[in-house]
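Reading the structure
As a plain string of letters, each chain reads:
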Amino acid sequence: MAQGKLTAVFVRNTKQPGKYHDGGGIGLFLWVKVGGGKFWVQRVTIEGKRREIGLGSFPLVSLGEAREMATDNKRKARQGENPLREKQTKKSILTFRKATERFLKNKTKEFSNPKHIKQWQSTLETYAMPVLGNMPVNAIALPDILRTLEPIWQAKTETATRLRGRIEAVLSWATVAGYREGDNPARWKGNLSEILPKPNKLKKGDNQPALALPDLPQWWNALQEREGIAAKALMFLTLTACRSGEVRGMVWDEVDLKATKGPIWTIPKERMKMGKEHRVPLPVAAKELLEALPRMEDSPYVFFAVRGGALSDMAISAVMRRMNEAEIKAGNQGWLDPRSKRPAVPHGLRSSFRDWAAERGIERDLAEISLAHKVGSDVERAYRRSDMLQRRRAILEEWAGFIWGESNSENIVPFTSKSEHRP
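About the criteria used
- By convention here, each chain's residues receive numbers from 1 onward along its written sequence.
- For a predicted model such as this one, the threshold for reporting local features is a pLDDT of at least 70, and the threshold for listing and counting side-chain atom pairs is 80 or more; totals across whole chains, interfaces and linings nevertheless cover every residue.
- Note: side-chain values were computed over all heavy atoms of the structure, leaving out hydrogens and water.
- In this text, helices come from DSSP runs of H or I with a minimum length of four residues, and strands from runs of E with a minimum of two, each type numbered from the N-terminal end.
- Contacts between residues were defined by any pair of non-hydrogen atoms, one from each residue, lying within 4.5 Å.
- Shrake-Rupley sampling with a 1.4 Å probe provides the accessible areas, and residues are treated as covered by the protein chains on show and by no other component.
- The buried label goes to any residue with under 20% of its type's maximum accessible area, the exposed label to any with over 50%, and the partly exposed label to all in between, with areas taken from a 1.4 Å probe on protein chains only.
- Following DSSP output, two strands are said to pair if at least two bridges run between them.
- To define axes, lines are fitted to C-alpha atoms, for helices over the stretch in contact only, and angles between the resulting N-to-C directions are given on a 0 to 180 degree scale.
- Pairs were defined over the aromatic rings of Phe, Tyr and Trp, the Trp ring being its six-membered one, requiring ring centres within 6.5 Å. Orientation was assigned from the angle between planes: stacked under 30 degrees, edge-to-face over 60, tilted for the rest.
- One less than the number of residues in a helix, times 1.5 Å, gives the span that helix is expected to have.
- This arc is taken over the directions from the axis of the helix to the C-beta atoms.
- The predictor rates its confidence in each residue with pLDDT, a number between 0 and 100.
- Residues belong to a common nonpolar core when they are buried Ala, Val, Leu, Ile, Met, Phe, Trp, Tyr or Cys residues joined through side-chain atoms within 4.5 Å.
- Salt bridge criterion: a side-chain nitrogen from Lys or Arg within 4 Å of a carboxyl oxygen from Asp or Glu.

**Points about the overall build of the chain**
Each helix and strand in the chain was counted, giving 17 helices and 7 strands. The contacts of the chain with a sequence gap of at least 6 include a subset with a gap of at least 24, amounting to 58%. For the chain, the accessible surface area stands at approximately 22,200 Å², while carbon and sulfur atoms represent 50% of it.

**A look at the pairing of strand β3 (residues 38-46)**
With respect to burial, β3 is a largely interior element, 7 of its 9 residues being buried. The pairing of strand β2 (residues 28-32) with β3 spans 5 bridges and is classified as antiparallel. From the neighbouring strand, L30 faces β3, where its bridge partner is W40. Remark: 5 residues form the turn of the hairpin made by β2 and β3, two consecutive strands paired antiparallel; G35 in that turn has positive phi of roughly 110°.

**Focus: the sheet that holds strand β6 (residues 264-267)**
As summarised here, the arrangement of the 3 strands in space is β5-β6-β7, forming an open sheet in which the pairing is antiparallel. Either end of the sheet is taken by a strand with one partner, and the two such strands are β5 (255-256) and β7 (278-281). Two strands pair when backbone bridges link them, and β5 and β6 are joined in this way by 2 bridges, in the antiparallel orientation. Bridge pairing in β6 links V255 to W265. Against the sheet, helix α17 (residues 389-404) engages β6 and β7, with an angle of about 45° to β7.

**With respect to the packing of aromatic side chains**
Evaluated as defined, the whole model comprises 12 aromatic pairs. A centroid spacing of 5.8 Å and a plane angle of 35° characterise the contact between F353 and W356, whose relative ring orientation is tilted. Note that F353 and W356 are positioned in helix α14 (residues 348-360) at a spacing of 3 residues, about one turn of the helix. The same class applies to F353 and to W356, which are both buried.

**A short note on helix α4 (residues 96-107)**
Taking 1.5 Å as the rise per residue, α4 with 12 residues should run 16 Å; its terminal C-alpha atoms sit 16 Å apart, in good agreement. Three or more residues of α4 are buried, namely F96, A99, T100, F103, L104 and K107. All buried residues of α4 lie within an arc of 125° about the axis, which places them on one face of the element.

**Quick look at the sheet that holds strand β1 (residues 18-21)**
The strands making up a sheet associate through backbone hydrogen bonding, with each pair oriented either parallel or antiparallel. Strand order in this open sheet of 4 strands is β1-β2-β3-β4, and the pairing throughout is antiparallel. Either end of the sheet is taken by a strand with one partner, and the two such strands are β1 and β4 (49-58). Between one strand axis and the next, the sheet turns through 30° on average, direction left out of account. As paired strands, β3 and β4 are joined by 9 bridges and run antiparallel to one another. Pairing of R43 across the sheet is with E52, part of β4.

**Points about the confidence of the model for the chain**
Considering every residue of the chain, the mean pLDDT works out to 85; 88% of them sit at 70 or more. Segment residues 407-423 is flagged for pLDDT under 50; beyond a separation of four residues in sequence, or across chains, it makes 33 contacts in the model.

**Observations concerning α14**
For α14, built from 13 residues, the straight-helix expectation of 18 Å at 1.5 Å per residue is met to within 8% by its first-to-last C-alpha distance of 19 Å. Regarding α14, the residues found buried are G348, L349, R350, S352, F353, W356 and A357. Residues of α14 that are buried in the fold lie against α9 (216-224), α10 (229-240), α13 (313-329), α15 (364-370) and α17. G361, located one to two residues past α14, shows a positive phi value of around 75°.

**Comments concerning the nonpolar core**
Counting residues in each nonpolar core, the largest one holds 56 residues, and the members touching the most others are W219, L223, L234, F236, W265, L290 and F303. With near-sequence residues (within four places) excluded, L290 lies in contact with F236, M250, W252, V255, L257, L282, V302 and F303.

**Considerations on unusual backbone geometry**
In this chain, F58 is followed by P59 through a cis amide linkage whose omega measures 10°. Tracing the sequence through the fold places P59 in the loop between β4 and α2 (63-78). Located in the positive-phi region is A241, a residue other than glycine, with phi close to 60°. Structurally, A241 can be placed in the loop between α10 and α11 (244-248). Look at A372: it is not a glycine, yet its phi comes out positive at around 60°. Structurally, A372 is set in the loop between α15 and α16 (378-383).

**With respect to the environment of A99**
Note that A99 resides in helix α4. When the C-alpha positions of A99 and V170 are compared, they lie 6.7 Å apart, and in sequence the two are 71 residues distant. Ignoring anything within four residues of it in the chain, the contact list for A99 reads L94, V137, V170 and W173.

**A closer look at the pattern of salt bridges**
Taken as a whole, this structure holds 19 salt bridges when the rule is applied. Of the charged contacts, one joins E52 and R43 as a salt bridge, the two residues approaching to 2.8 Å between their closest N and O atoms. Given a relative accessible area of 39%, E52 falls into the partly exposed group. Residue classification places R43 among the partly exposed residues on the basis of a relative accessible area of 28%. In this structure, the salt-bridge partner of D72 is K76, at a minimum N-O distance of 3.4 Å.

Structure, rendered in structure tokens:
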């Protein structure tokens with residue numbers, strides 16, 4: 001903590017992260033964060049407890065204004081009043097969603113690559129908002145953070161750890177801005193670290209649980225008995241072997257059911273893990289599923305949530321979880337990964353597809369491109385102009401036939417075909 005009276009010139013010019021005390025006995029200091037953000041914070045004893053009050057950010061709040069507010073708060077505290085409570089009462093309740101919007105508005109200045117801010121937005125929107133979005137930030141506690149993280153902590157450990165850090169950052173901003181007080185429930189050390197397994201222990205050999213190939217047709221029959229948009233999304237995910245996020249973010253403008261050489265879904269590069277556009281040839285079963293889907297007015301999403309937004313990842317995962325519970329209730333072992341004996345999850349269906357492709361003797365490149373994985377070196381990819389769409393269409397048709405327990409042989413295009421043209 002650097003000591004000494006602050007000056008307007010120092011406040012304006014300093015960029016070194018740290019906390020700089022203003023002196024004068026009012027507890028005012030300037031907090032310079034990594035990335036250059038500057039915030040006024042006051043430490044003051046209120047009702048016998050040491051508290052911190054956020055006074056706003058610089059330059060929106062000048063040094064002189066910060067001193068005036070800090071002096072006023074100090075006077076009120078000495079008179080037995082609670083300036084922090086008064087401040088919170090005057091402010092409207094801030095939800096986690098609104099706090100995230102305000103936080104990211106400032107955060108964008110730290111990122112040179114626009115992709116990073118989109119990753120922040122996407123992660124929080126997908127996993128945090130369904131649980132925390134409408135909650136006031138001052139009401140969010142440890143159980144709420146656990147409800148957000150636990151469903152993906154083991155299945156998507158890397159994503160979950162990033163999500164935890166981002167939630168912590170938003171709540172930290174809300175505390176400094178005066179919308180909440182007390183410990184940050186998303187803090188790891190000495191908090192979540194005592195409850196959740198350490199990420200580095202989970203990541204080693206922690207593959208996504210997949211369905212055994214012999215179980216797939218029976219599992220598919222059970223899935224068809226499920227109703228609701230999340231169940232339809234899981235069916236479509238299975239038929240196309242795509243990622244959950246790609247399916248949940250799917251909009252009708254990306255789909256062409258009347259393409260010359262067969263229905264196609266084109267996922268823009270912004271929504272792909274590899275940052276490259278991916279074309280998905282839709283098998284007949286997937287096309288029929290889309291044609292039968294209801295549409296929500298004013299919502300662009302194919303698989304929409306109740307309010308018209310994108311379906312949450314937990315909604316799709318919940319379908320598989322309930323299917324597993326129903327199987328166990330019926331006296332069976334459940335839908336388990338044959339190796340780990342853990343319940344299969346949606347992302348594991350991609351592993352099931354890969355195992356099936358290997359068993360069928362399908363060329364490695366074809367199978368990997370079907371999963372939108374990188375294939376070959378940068379040079380090889382630069383010279384490969386075809387994404388082998390029609391050959392992949394044949395693969396997905398046969399995959400659909402396998403799931404249904406039938407051959408679908410009349411829809412198959414020979415895998416050895418060398419002809420490939422974009423529709």
